[in-house]
Amino acid sequence: MATAVFHQALGTAQSHQHLQNSGSHLEFGNASLKLISKGFKVDIGLSRRGSYSSWKKKFGVIQASASQTSVVQPVSYPPNNSSDELRKKSCEAALILIRHGESLWNEKNLFTGCVDVPLTKKGVEEAIEAGKRISNIPVDMIYTSALIRAQMTAMLAMTQHRRKKVPIILHNENEQAREWSQIFSEDTKKQSIPVVTASQLNERMYGELQGLNKQETADRFGKEKVHEWRRSYDIPPPNGESLEMCAERAVAYFKDHIEPQLHSGKNVMIAAHGNSLRSIIMYLDKLTSQEVINLELSTGIPMLYILKGGKFIRRGSPAGPTEAGVYAYTRSLALYRQKLDDMLR
Amino acid sequence: MAAGALHRSIRTIQLHGGSNDSASTKEFGNSSLKFISKGFAVDVKFLSNRSRSFSHCKMHVIRAISSHASVVDPIWSTSHVTTNFNQNTSIESSLILIRHGESMWNEKNLFTGSVDVPLTKRGIEEAIEAGERISSIPVNMIYTSALIRAQMTAMLAMTQHRQKKIPIIMHDESIQAKEWSQIFSEETIQQSIPVITAWQLNERMYGKLQGLNKEETVVKYGKEKVHEWRRSFDSPPPNGESLEMCSQRAVAYFKENIEPQLQNGRNIMVAAHGNSLRSIIMYLEKLTSLEVTNLELSTGVPLLYIYKHGEFLKRGSPVGPTEYGVYAYTRNLALYRQKLDEMVQ
């Protein structure tokens, strides 16, 4: 397997360098290893580092030769640790964003907003596809909106996950709901992935356009007005939210609830909607309002970010099972994947 | 089409039967008409009737030649055959009960109760299968529990439905939730099927056993105790509900909320759980507590009841698309099905 080869390559590279226990930095010459296995290319570039003092060895992480932004990061590598501890020490957490697929009103070309419309057959398939793409990426917690199409997308995707932990939706609406959903086995809890539903992650609320046909809305209000509501940053439809308003609540929720989880090393998946996810991406990638209104998110294609050293690094999109493309695994992710392979052998 | 043939045959029989406006009973000799169309056999028998007085012709509806409990009941038919479904002379509504399929804890053999665990791949397939079976039965409103496995079952099943109305989940947990989910097009509202989620339809709450493995529970509490909790009517597990307690809240909800809808002629689907559905069936069929503890409901195989004149008539289970058997359509259902056939050309 590619990851096993990679692992071996690291081992080989290690033995060629010597360990230094002093506080000076280490420099590596440029070396490049190409490993090809079943069409899965891993390009390892070991490049020079700036001044950085540590007594541990440093390696550049796999450099993706895909069109996505490739990032070369130093990762400290204490020899005999499991991937969990490795993640904690290097405090790297994965963040997966999934936009739900086709809903029954998408199909009918109606403005949906916060109306709770379920997925079509196609939307169901898209969710399962998305799940296959992230089946090797660790997930410790899931956040979804309060709408069924996002929740179903998350649950359908997780049926494909190789780790076999069980998502459990948390209920906090009242005391009875909390009591009734209690779990009484520690083992079982450890095998659970809490799922938190939050209306702050809902789709942008479309006010008086909700349920209207896109054509009849243009007829009623005029084409330019409709275009303005749909594509501007701060102009809301009547009684609805602008993208700016949506961003405010979605990003606030992200910062208050989700980011702390990531900082503590938890890997998080968010299953939500076009506008709530764009808002979060605006925050993660520090986009301008002009950039965000032009941002289109594919449905069914999850996006991966890594939080590391307080920064969000975009890792692109995990390749589907039939794609030969390269995916920008970090070392931790590669190790996690290998663990899964070993576990499920 | 079989339904069309049936329709014509009913008409034919009417003409031969002759309508009688007197209050005497009518007797029909035994005659049998067999229609075979694409493996769909309809056996129509006219039986002599007990003394009953009425002014219309009576016909016995198709008798199911399947292994389900077949019910022969008189259907009031007017001397005019209409294709109008809003027949106020004989308000008849359908009630579909669907038990969700395999959940991730079923797979792991853990006591689930009211813990919100999602479906497995298999559970998803079962839901879609169930949907294929009821794809020709009218649905005006859907009730589910507050748990995702029942909600997903309903939404997945409805992706298979032939009529094109769209399930919309109602939200009234807060004023904002209500406002945000408003629909502003009358036409769209008419094309919607309201979906109501109710904790009263949740699975029986299993208290301190929730999350425990079935073997370890036996080890902890002893085989007889566990058997008692699982299979008795009124013995609750620690901090949990007995079947009796579950029945109380499920049946109360049914009587207060669902039955009035049926009385108004609305066709209802209820997607819920083993124990909440058994409780409702206990009420519908007037079972004893002993009978209900022995009642096993298949997953993924919906049950149909017809509500007519304040009574619930069991119609067995709609056949799957690959099954030859005969399904106990009522006349109205047959007409509805015919309409669908004409519509979806």
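Each value, and the rule that gives it
- Residues numbered from 1 in each chain as written.
- Chains lettered and ligands numbered in written order.
- Predicted model: local features only at pLDDT ≥ 70, side-chain atom pairs only at ≥ 80, totals over all residues.
- Heavy atoms only, no water.
- Helix = DSSP H or I, 4+ residues; strand = E, 2+ residues; numbered from the N terminus.
- Buried < 20%, exposed > 50% of the residue type's maximum accessible area, 1.4 Å probe, protein only.
- UniProt positions renumbered as here; feature names shortened; annotations may be inferred.
- Contact = heavy atoms within 4.5 Å.
- Polar contact = N/O pair within 3.5 Å; in protein donor to acceptor, adjacent residues only side chain to side chain.
- Core = buried A, V, L, I, M, F, W, Y, C linked by side-chain atoms within 4.5 Å.
- Axes fitted to C-alpha atoms, helices over the stretch in contact; angles between N-to-C directions.
- Parallel < 35°, antiparallel > 145°, perpendicular 65-115°, else oblique.
- Nonpolar A, V, L, I, M, F, W, Y, C, P; charged D, E, K, R; others polar.
- Buried area = accessible area lost by both parts, 1.4 Å probe.
- Salt bridge = Lys/Arg side-chain N within 4 Å of Asp/Glu carboxyl O.
- Pairing = 2+ DSSP bridges.
- Phe/Tyr/Trp six-rings, centres within 6.5 Å; stacked < 30°, edge-to-face > 60°.

Visitor: If you had to explain the overall build of chain A to someone new, which residues and values would you point to?
Guide: Counting its secondary structure elements, chain A contains 13 helices and eleven strands. When the 345 residues of chain A are sorted by exposure, 56% land in the buried category.

Visitor: Describe the UniProt feature "active site" (unreviewed entry) in chain A, listing the residues and the values that go with them.
Guide: Residues and elements named next belong to chain A. Within this numbering scheme, the UniProt entry marks His-100 and Glu-203 as carrying the feature "active site" (unreviewed entry). For the residues just named, distributed over 104 residues, the greatest C-alpha separation is only 10.6 Å, placing them together at one site. Along the chain, His-100 falls in the loop between β5 (92-99) and α3 (104-108). Exposure remark for His-100: the relative accessible area of 8% places this residue in the buried category. Not counting residues within four places of it along the chain, the set of residues in contact with His-100 comprises Asn-106, Leu-119, Arg-149, Ala-150, Thr-153, Ala-272, His-273 and Thr-299. At 3.2 Å, the side chain of His-100 and the side chain of Arg-149 are in polar contact.

Visitor: Outline the nonpolar core, supporting the account with residue identities and numerical values.
Guide: Counting 54 residues, the largest nonpolar core has Met269(A), Ile142(B) and Met269(B) as its most contacted members. Excluding residues within four positions of it along the chain, Met269(B) makes contact with Ile96(B), Ile98(B), Ile134(B), Val139(B), Met141(B), Ile142(B), Tyr143(B), Ala154(B) and Met158(B). With 31 residues, the next largest nonpolar core counts Tyr233(A), Ala247(A), Ile258(A) and Met282(A) among its residues.

Visitor: Residues and numbers for the packing of helix α7 (residues 214-221) of chain B against helix α8 (residues 223-231) of chain B, please.
Guide: For any two helices packed against each other, the geometry comes down to the angle between their axes and how far apart the axes lie. Residue and element names in this part refer to chain B. Between α7 and α8, whose axes approach to 7 Å, the crossing angle comes to 120°. Between α7 and α8, the crossing angle belongs to the class labelled oblique. Residues Lys-214, Thr-217, Val-218 and Tyr-221 of α7 pack against Lys-223, Lys-225, Val-226, Trp-229 and Arg-230 of α8. By residue class, the composition of the contact of α7 with α8 is four nonpolar, one polar and four charged.

Visitor: Describe the interface of chain A and chain B, naming the residues involved and giving the relevant values.
Guide: Residue-level contacts link 50 residues of chain A with 48 residues of chain B. Summed over both partners, the interface of chain A with chain B buries about 3,900 Å², with 69% contributed by carbon and sulfur atoms. Of all residues in chain A, Asp116(A), Trp180(A) and Phe184(A) bury the most surface against chain B, accounting for 18% of the area lost on that side. Applying the counting rule to chain A against chain B returns zero salt bridges. The interface formed by chain A and chain B includes twelve residue pairs in polar contact (both at pLDDT 80 or more). Elements represented by at least two residues in the side of chain A that touches chain B include exactly α3, α4 (121-133), α5 (148-158), β7 (166-169) and α6 (175-180) of chain A.

Visitor: So what's going on with the UniProt feature "site: Transition state stabilizer" (unreviewed entry) in chain A? Which residues, and what values?
Guide: Residue and element names in this part refer to chain A. As recorded in UniProt, the sites labelled "site: Transition state stabilizer" (unreviewed entry) are His-273. Within the secondary structure layout, His-273 lies in the loop between β9 (268-272) and α11 (274-285). On the accessibility criterion, His-273 (0% relative accessible area) is buried. Discounting residues that sit within four places of it in the chain, His-273 has contacts with Arg-99, His-100, Ser-145, Leu-147, Arg-149, Ala-150, Leu-201, Asn-202 and Glu-203.

Visitor: A description of the sheet that holds strand β5 (residues 92-99) of chain B should follow, citing residues and the corresponding values.
Guide: All names here are of chain B. An order of β7-β8-β6-β9-β5-β10-β11 is seen for the seven strands of this open sheet, with the pairing classed as mixed. Every other strand in the sheet has two partners, leaving β7 (166-169) and β11 (311-314) as the edge strands with one partner each. Across the sheet, the mean angle separating the axes of adjacent strands is 25° when strand polarity is ignored. Packed onto the sheet, helix α10 (residues 274-285) meets β5, β9 (268-272), β10 (303-308) and β11 and runs at close to 150° relative to β5.

Visitor: Describe the environment of Gly316(B), with residues and values.
Guide: All names here are of chain B. Tracing the backbone through its elements, the reader meets Gly-316 in the loop between β11 and α12 (331-343). The class of Gly-316 is buried, set by a relative accessible area of 5%. With 14 residues separating them along the chain, Gly-316 and Pro-302 place their C-alpha atoms 8.6 Å apart.

Visitor: Residues and numbers for the side chain of Ser103(B), please.
Guide: Residue and element names in this part refer to chain B. Mapping Ser-103 onto the fold places it in the loop between β5 and α2 (104-107). Judged by relative accessible area, Ser-103 falls into the buried class, the value being 1%. Leave out the neighbours within four places in its chain, and Ser-103 touches Thr-112, Val-117, Pro-118, Leu-119, Thr-120 and Arg-149.

Visitor: Pulling in residues and values, what's your account of the pattern of salt bridges?
Guide: Residues and elements named next belong to chain B. Throughout the structure, instances matching the rule amount to eleven salt bridges over all chains. A salt bridge links Arg-162 to Asp-341; the nearest nitrogen and oxygen atoms lie 2.5 Å apart. Residue Arg-162 is located in the loop between α4 (148-158) and β7, and its partner Asp-341 is located in helix α12; the two are separated by 179 residues in the primary sequence. Ionic pairing is found between Arg-249 and Glu-241, a salt bridge with its closest N-O pair at 2.6 Å. Each of the two residues, Arg-249 as well as Glu-241, counts as buried.

Visitor: Describe the packing of aromatic side chains, with residues and values.
Guide: Applying the stated rule across the entire model yields 14 aromatic pairs over all chains. Ring centres of Trp180(A) and Trp199(B) lie 5.5 Å apart, and the angle between their planes is 85°; this geometry places the pair in the edge-to-face category. Pair noted here: Trp180(A) is in helix α6 and Trp199(B) is in the loop between β8 (192-197) and α7, and the two residues belong to different chains. Trp180(A) gets classed as buried once you look at its relative accessible area, which sits at 11%. One aromatic cluster in this structure is built from Phe254(B), Tyr283(B), Tyr307(B) and Phe312(B).

Visitor: Please set out unusual backbone geometry residue by residue, giving values where relevant.
Guide: One non-glycine residue, Lys286(A), adopts positive backbone phi at about 55°. Along the chain, Lys286(A) falls in the loop between α11 and α12 (289-293). Under the relative-accessibility criterion, Lys286(A) is labelled exposed at 70%. Although it is not a glycine, Asn239(B) adopts a positive phi angle of roughly 65°. Structurally, Asn239(B) is set in the loop between α8 and α9 (243-263). Note on Asn239(B): relative accessible area 56%, which makes it exposed.

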